[in-house]
Amino acid sequence: MFENVHEIILKVTRDCNLRCAYCYVRNKDRYRGERMSFALFKRLIDRYVLDQQKNSPDRQKQTLSLIFHGGEPTLLDTHELIRFMNYARRKIPYIQFGMQTNLTNISAELAIILQKYGISPGISADGWHSRFNQLRTRRQSKTIFRNVRLLKQYGVNCAPLIIINKLNIRSILTNIQRMLKIFGLQDIKANYVENIYTSDPAYPEVSADELITQLFLPVINQLKKKQVIVETNIAGMLDRFFQTSLFGVNNDPDKDNVSGNCYMKFCAGGNNIVEVDADGAVCSCGRWDAVHEVCQLGFINTADPWGLRSYGKAACLQIQKARQLRKKHCDICPAQNICSYGCLAFAYAKYKDFRIREELVCAYHLKAKKYLQENSSLILKAYAGARQWPVRKIHKKIFTVELPAGFPPLNEAQISQMPGWSVVNVDGQNLLQVILC
Ligand code: SF4
Ligand code: SF4
């Protein structure tokens, strides 16, 4: 069951002190007081170690990321949290801990524990001001920022994840910039919210058009002006776009060039990452809610010779997605090199079946791709600056870009398809030359 796993999303409780409108744990009241027991945690770790040993001796050197998640993981008693981590560290030499928290329940005692165990928590927030956080709680902003300062006092940094919704979309760039300042970061991840409770798209989801005009274009314009990329998903999209345009490397899961858990045709859910719930249920990835039986790989104690049972269940999900990719003709879509292909878990939670949300996923990526393609030379210049690739001005409208060592060779066939791009040889070195049209 855990043979191929390198990340466990550990829902130590699905209970939470907040009731966010878009949370993917449904009906939290039914989980009031739920906490994972040490006995169950011990069984999980022992099972993980056994499955890894069965797989290959090398796998024992693979780092396991154990992410305390929920619900709200800080509801777990701090002594219990220490007990969990000490046991895991004793059994798994290569382990790192993480935590995703709403940061409303932080004490000095917990800050010391986070510092000691090297945890830089991820926090979910919808913006720097309470008015942006009304889908979470009215009081949250002040509490969060007080707790950010508290953690900083103990040398603990944390990274916010902004959830883009109807209430914060119109000032999302300002929001990102204020958050960067507060948290002392260079960039922030801003995920769009998918409303999983109703097929009514009006609340609190944003549309593809809003994402383009309010997020994508402002972030790209800022890149052009200041040579910085402040949002992580768009940074990833630009990386994929330029990787394909320069090196011919595409977003193909068969090729070993994709990183991360999502953003590929067949995501890591159920294979490299799994979710383990407080009652011992093992599901594909933390975005699934245990109410969806389709995502359940089994329980910690379930017999699973060679992992075949859980691999089979995870493969079933991916086969359903493959059907949708085929139906949408993703293999010939112009946006396929930047596309995220949408999340299986969210689409299923919303519609009770597998689908790629054309009006959101396709509309957003197709528009973004068209813009990147039409403005590729100017964006490349700014992107090269942001990535600190040496750019040399040859003429008012001509520049060259030198790719630092470690990149694949420039793909001339691919480059010749981009307007104004060519490969020139200077002092025996291939450089990319761009004529701004
Ligand atoms: S795409 Fe969705 S289901 Fe797959 S790993 Fe990412 S969050 Fe999980
Ligand atoms: S934009 Fe839509 S059709 Fe194109 S690759 Fe993405 S999911 Fe497939």
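Figured I'd write up the structure that's included with this text.

The rules behind these values
- Residues numbered from 1 in each chain as written.
- Chains lettered and ligands numbered in written order.
- Predicted model: local features only at pLDDT ≥ 70, side-chain atom pairs only at ≥ 80, totals over all residues.
- Heavy atoms only, no water.
- Pairing = 2+ DSSP bridges.
- Helix = DSSP H or I, 4+ residues; strand = E, 2+ residues; numbered from the N terminus.
- Axes fitted to C-alpha atoms, helices over the stretch in contact; angles between N-to-C directions.
- Contact = heavy atoms within 4.5 Å.
- Patch = residues over 30% accessible without salt bridge, like charges linked within 9 Å, V, L, I, M, F, W, Y side chains within 5 Å.
- Areas by Shrake-Rupley, 256 points an atom, 1.4 Å probe, with all protein chains shown as cover.
- Salt bridge = Lys/Arg side-chain N within 4 Å of Asp/Glu carboxyl O.
- Lys, Arg positive; Asp, Glu negative; His and termini not counted.
- Charge placed at Lys NZ, Arg CZ, Asp CG, Glu CD.
- Buried < 20%, exposed > 50% of the residue type's maximum accessible area, 1.4 Å probe, protein only.

### A closer look at the sheet that holds strand 6 (residues 189–192)
A sheet is described by the order of its strands in space; here 9 strands give the open sequence 6-5-4-3-2-1-7-8-9, paired in mixed fashion. Each edge of the sheet is formed by a strand with only one pairing partner; in this case those strands are strand 6 and strand 9 (296–299). Averaged over all adjacent pairs, the angle separating strand axes in this sheet is 25°, with direction ignored. Sheet topology places strand 4 (residues 122–125) next to strand 5 (residues 159–164); 4 bridges connect them, and they run parallel. Of the residues in strand 5, the one forming a bridge with Ala125 is Ile162. Most of the contacts of helix 1 (residues 38–55) go to strand 1 (residues 7–11), to which it runs at about 170°, and overall it touches strand 1, strand 2 (64–69), strand 7 (273–277) and strand 9.

### As for a positive patch on the surface
A grouping of Lys381, Lys393, Lys396 and Lys397 is seen on the molecular surface, where their side chains present a positively charged patch. Relative to the helices and strands, Lys393 resides in strand 10 (residues 391–395).

### Notes on unusual backbone geometry
Of the consecutive residues Gly70 and Gly71, the connecting peptide bond is found in the cis state with omega at 20°. Inspection of the secondary structure assignment puts Gly71 in the loop between strand 2 and helix 2 (78–91). The phi torsion at Gln227 lies on the positive side, around 55°, for a residue other than glycine. Inspection of the secondary structure puts Gln227 in the loop between helix 6 (208–226) and helix 7 (232–247). The backbone of Tyr341 sits at a positive phi, close to 65°, despite the residue not being glycine. As for its position among the elements, Tyr341 is in the loop between helix 8 (308–327) and helix 9 (344–351). On the basis of relative accessibility, which here comes to 2%, the residue Tyr341 falls in the buried class.

### With respect to the sheet that holds strand 12 (residues 421–426)
Pairing is antiparallel in the open sheet, where 4 strands are placed in the order 10-11-13-12. At either margin of the open sheet sits one strand with a lone partner, and together these are strand 10 and strand 12. Strand-to-strand, the axes of this sheet are offset by a mean angle of 35°, without reference to chain direction. Relative to strand 11 (residues 398–401), strand 10 runs antiparallel, the two being bridged by 4 bridges. Among the inter-strand pairings, His395 is bridged to a residue of strand 11, identified as Ile398.

### Notes on helix 11 (residues 376–386)
By the burial criterion, the buried members of helix 11 are Ser376, Ser377, Ile379, Leu380, Ala382, Tyr383 and Ala384. Just downstream of helix 11 lies Gln388, where phi reads positive at about 60°.

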